[in-house]
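# Notes for the structure review
Chain by chain, the residues:
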Amino acid sequence: MKKAARSELFRELPAVDELVHAPDLAALSASYGAAAVTDAARAVLERLRQEIASGLLDEAALKLALGGLSRAIEEQLRQALQPSLRPVINATGVILHTNLGRAPLAESALERIRETAAVYSNLEFDVAAGARGKRDVHVERLLCRLLNDDNATSDVSTIVVNNNAAAVLLALNTLAEGGEVIVSRGELVEIGGSFRIPDVMAKSGATLREVGTTNRTRVSDYERAINERTRLLLRVHRSNFEITGFTEQASAAELVELARRRSIPLMEDLGSGALVDLQNFGISGEPSVLDSLRAGVDVVTYSGDKLLGGPQAGLISGRPGLVARMRSNSLFRALRVDKLTYATLEGTLLAYVRRDHNAIPALRMMGLTKDDIGKRAEKVATQAKSAKLQAAVIDGESVIGGGAAPSSVLPTRLLVLSCGDLSADELARRLRACDPPIVARVEDGRVLLDLRTVFEEQDSLVVTALKEIAS
Ligand SMILES: *Cc1c(COP(=O)(O)O)cnc(C)c1O
């Protein structure tokens, strides 16, 4: 009896063809295309079929559902065609937030994509010679200028791979496969999502030789570990933590001296790889790429999307002979980057060559003063405040993130928000439910917005979102 009733219900469902040719779906077909509308209609009908089969729909409920069919199909289309990767407003004050895409790209970098990616380009073509060229040339030229410009460093070559993890893998495999690499125990760090030196070392085919202790490693510890299998001395920047107190770390100069004396190359995994002096931003103790090369480090690896402020990439800069060996390693072919990366990296590096550091969003955000940010925060607070929404502005700190300058913070002004009797977590959830989502900080049961990482043109979106939440 029940079964018969269900089969009756199934018969009420229209055929897909019939449905998509109905007048109220014609408009949808015109804007989304007939194929997408057919797919969506099929998905909606299938959902109804399942609901009937599992007894969730009786005759009355089905009638209601059929009445709203075209709206359901439109909603299905909207969801299916909405991109998954979309903008969010970063109000955390963490400039290089790995979960939020690290460095936002410079306008000039995007311009390079628009110009070169939708058409053919000379990615690997030497136009003058009419012959095959090398993709490296597009950024190597600029890095040569940026890293050789004071003659304090000798010749420096650079190659680009997919990210800094790949750069470390390629460098270790090329320089130390089958041999030993000496690293301080204090530098065996795990960075962000699962980058661990011991694991990368194992994959590279080199053997890790740990020396010293977590808090103290002297240059003599390195020297004692050197044997006939030693291929490389490795220094790893302690990107996301700091060891304080009773500590000792061999200096770059000491390691350079040791490496030269024993004829073993010295590599430094810098991680962040600043191309400008961060002292200008009030950040000390974060060595730049140039600092390391000047000190005599043979090979430096660093990310494209951390302090450099460009696309995801791993850069390897160093002595031309060593870099050439990495370039001819077959792993390089597997780890190389595409034209989009070259285009955006070149666009970013051109801003450095022009000394236009403000064009690079991550650097511009680092340079914002507490006053700049405070003024904007006051304005947002004034515009968003209501009987229900309280907003105050207090002193606070922004961090660089992305494994850079773990102990350096930038003074900022924070918006402290509360809304009716919403808990801080609930208010933060509602901010994330906005379009675009706003990602805030929740600290000590308070919702905090740091406008340092919010683009100024997004301030009005924040105001609108806050008004909506309080309405
Ligand atoms: C971030 C970081 C890495 C990993 O770089 P990715 O570009 O994320 O692959 C490796 N080493 C250090 C020291 C880092 O800071």
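Just so it is clear, the structure is predicted and the values come from calculations on it, not from any experiment.

### Regarding the overall build of the protein
Secondary structure assignment for the protein yields 20 helices and 18 strands. A buried classification covers 49% of the 471 residues belonging to the protein. Within the protein, counting contacts between residues at least 6 apart in sequence, those at least 24 apart form 75% of the total. For the protein, the accessible area works out to roughly 23000 Å², and carbon and sulfur atoms hold 50% of it.

### Side note on helix 18 (residues 370-384)
Compared with an ideal rise of 1.5 Å per residue, which puts 15 residues at 21 Å, helix 18 spans 21 Å between its outermost C-alpha atoms and is within 8% of the ideal. Looking at helix 18, one finds that the buried residues are Ile 373, Gly 374, Arg 376, Ala 377, Val 380, Ala 381 and Ala 384. With its buried residues spanning 165° around the axis, helix 18 presents them on a single face. Opposite its buried face, helix 18 presents the exposed residues Asp 371, Lys 375, Lys 379 and Thr 382, each directed more than 90 degrees away.

### Things to note about helix 8 (residues 137-148)
Compared with an ideal rise of 1.5 Å per residue, which puts 12 residues at 16 Å, helix 8 spans 16 Å between its outermost C-alpha atoms and is within 8% of the ideal. Taken together, the buried positions of helix 8 are occupied by His 138, Val 139, Glu 140, Leu 142, Leu 143, Leu 146, Leu 147 and Asn 148. On its buried side, helix 8 packs onto strand 5 (157-161), helix 13 (289-295), strand 12 (299-303), strand 13 (314-318), helix 14 (320-327) and helix 16 (339-353).

### Thoughts on the nonpolar core
Counting residues in each nonpolar core, the largest one holds 56 residues, and the members touching the most others are Leu 147, Tyr 302, Leu 349, Tyr 352 and Met 366. The dominant element in this core, judged by the number of residues it contributes, is helix 16, at 6 residues. Shared between two domains, this core holds at least three residues of each, these being domain 2 (89-97 + 364-470) and domain 3 (105-359). Each residue touching Leu 349, except ones within four places of it in the same chain, is listed here: Val 139, Leu 142, Leu 143, Leu 146, Leu 275 and Leu 308.

### Structural notes on the packing of helix 3 (residues 23-32) against helix 6 (residues 69-81)
Two numbers describe how helix 3 lies on helix 6: the axes approach to 10 Å, and their chain directions differ by 15°. Judged by the inter-axis angle, helix 3 sits roughly parallel to helix 6. Considering how the two elements wind past one another, helix 3 and helix 6 form a crossing that is right-handed. In contact with Asp 24, Leu 25, Leu 28 and Tyr 32 of helix 3, helix 6 contributes Ser 70, Ile 73, Glu 74, Leu 77, Arg 78 and Leu 81. Looking at the contact of helix 3 with helix 6, its residues break down into 6 nonpolar, 1 polar and 3 charged.

### What to know about the sheet that holds strand 6 (residues 180-184)
Sheet strands pair by backbone hydrogen bonding; their relative direction is either parallel or antiparallel. Taken in spatial order, the 7 strands of this open sheet run 5-13-12-11-10-6-9, and their pairing is mixed. The open sheet terminates on both sides in strands that have one partner only, identified here as strand 5 and strand 9 (207-211). Averaged over all adjacent pairs, the angle separating strand axes in this sheet is 25°, with direction ignored. Here 5 bridges tie strand 5 to strand 13, and the two strands are oriented antiparallel to one another. Across the sheet, the residue bridging to Ile 159 is Ile 316, located in strand 13. Lying over the sheet, helix 9 (residues 164-176) contacts strand 5, strand 6, strand 10 (230-236), strand 11 (266-271), strand 12 and strand 13, oriented at roughly 160° with respect to strand 12.

### Remarks on the side chain of Thr 344
Among the structural elements, Thr 344 can be located in helix 16. Residue classification places Thr 344 among the buried residues on the basis of a relative accessible area of 2%. Among the polar contacts listed, one links the side chain of Thr 344 to the backbone oxygen of Thr 341, at a separation of 3.2 Å. Residues contacting Thr 344, with those up to four places away along its chain left out, are Leu 105, Ala 109, Ile 113 and Pro 311.

### Points about the domain arrangement of the protein
Domain assignment breaks the protein into domain 1 (3-80), domain 2 (89-97 + 364-470) and domain 3 (105-359). Each of domain 2 and domain 3 has a C-alpha centre, and these two points are 34 Å apart.

### Notes on the layout of surface pockets
By volume, the largest pocket is sized at about 580 Å³. Leu 100, Arg 102, Ala 103, Pro 104 and Leu 105 are, among the 26 residues lining the largest pocket, the residues nearest its centre. Of all elements in the fold, only strand 1 (89-90), helix 7 (107-116) and helix 17 (361-367) reach the threshold of two or more residues within the lining of the largest pocket. Element by element, the count of residues in the lining of the largest pocket is highest for helix 17, at 3 residues. For the lining of the largest pocket, the residue count by class is 14 nonpolar, 8 polar and 4 charged. Viewed by domain, the lining of the largest pocket spans two of them, domain 2 (89-97 + 364-470) and domain 3 (105-359), each represented by three or more residues.

### So, the environment of Arg 145
By the secondary structure assignment, Arg 145 is in helix 8. Under the relative-accessibility criterion, Arg 145 is labelled exposed at 53%. The sequence separation of Arg 145 and Ser 317 amounts to 172 residues, and the corresponding C-alpha distance is 12 Å.

### Here's the deal with the pairing of strand 6
Burial analysis of strand 6 places 5 of its 5 residues in the buried class, the great majority of the element. Burial of the side chains of strand 6 extends over both faces: Glu 180, Ile 182 and Ser 184 are buried on one face and Val 181 and Val 183 on the other.

### Remarks on a negative patch on the surface
On the surface, Asp 371, Asp 372, Glu 456 and Glu 457 cluster together into a negatively charged patch. Mapped onto the secondary structure, Asp 372 falls in helix 18. The class of Asp 372 is partly exposed, set by a relative accessible area of 36%.

### Quick look at the pattern of salt bridges
For the coordinates displayed, the defined rule picks out 36 salt bridges. Two residues, Arg 112 and Glu 346, come together in a salt bridge whose shortest N-O distance is 3.9 Å. Separated by 234 residues along the polypeptide, Arg 112 in helix 7 and Glu 346 in helix 16 bring together distant segments of the chain. Accessibility expressed as a relative area gives 12% for Glu 346, which makes it buried.

So, how was this worked out
Residues numbered from 1 in each chain as written. Predicted model: local features only at pLDDT ≥ 70, side-chain atom pairs only at ≥ 80, totals over all residues. Heavy atoms only, no water. Helix = DSSP H or I, 4+ residues; strand = E, 2+ residues; numbered from the N terminus. Buried < 20%, exposed > 50% of the residue type's maximum accessible area, 1.4 Å probe, protein only. Contact = heavy atoms within 4.5 Å. Areas by Shrake-Rupley, 256 points an atom, 1.4 Å probe, with all protein chains shown as cover. Expected span 1.5 Å × (residues − 1). Arc of directions from axis to C-beta. Core = buried A, V, L, I, M, F, W, Y, C linked by side-chain atoms within 4.5 Å. Domains from an automatic or database assignment. Axes fitted to C-alpha atoms, helices over the stretch in contact; angles between N-to-C directions. Parallel < 35°, antiparallel > 145°, perpendicular 65-115°, else oblique. Left-handed = near helix turned anticlockwise from the far one by under 90°. Nonpolar A, V, L, I, M, F, W, Y, C, P; charged D, E, K, R; others polar. Pairing = 2+ DSSP bridges. Polar contact = N/O pair within 3.5 Å; in protein donor to acceptor, adjacent residues only side chain to side chain. 1 Å grid on protein atoms, 1.4 Å probe; cavity = no way out; pocket = protein on both sides within 12 Å on 5 of 7 lines; lining within 4 Å. Points joined across faces, edges and corners; volume = space filled by probe spheres on them. Patch = residues over 30% accessible without salt bridge, like charges linked within 9 Å, V, L, I, M, F, W, Y side chains within 5 Å. Salt bridge = Lys/Arg side-chain N within 4 Å of Asp/Glu carboxyl O. Lys, Arg positive; Asp, Glu negative; His and termini not counted. Charge placed at Lys NZ, Arg CZ, Asp CG, Glu CD.

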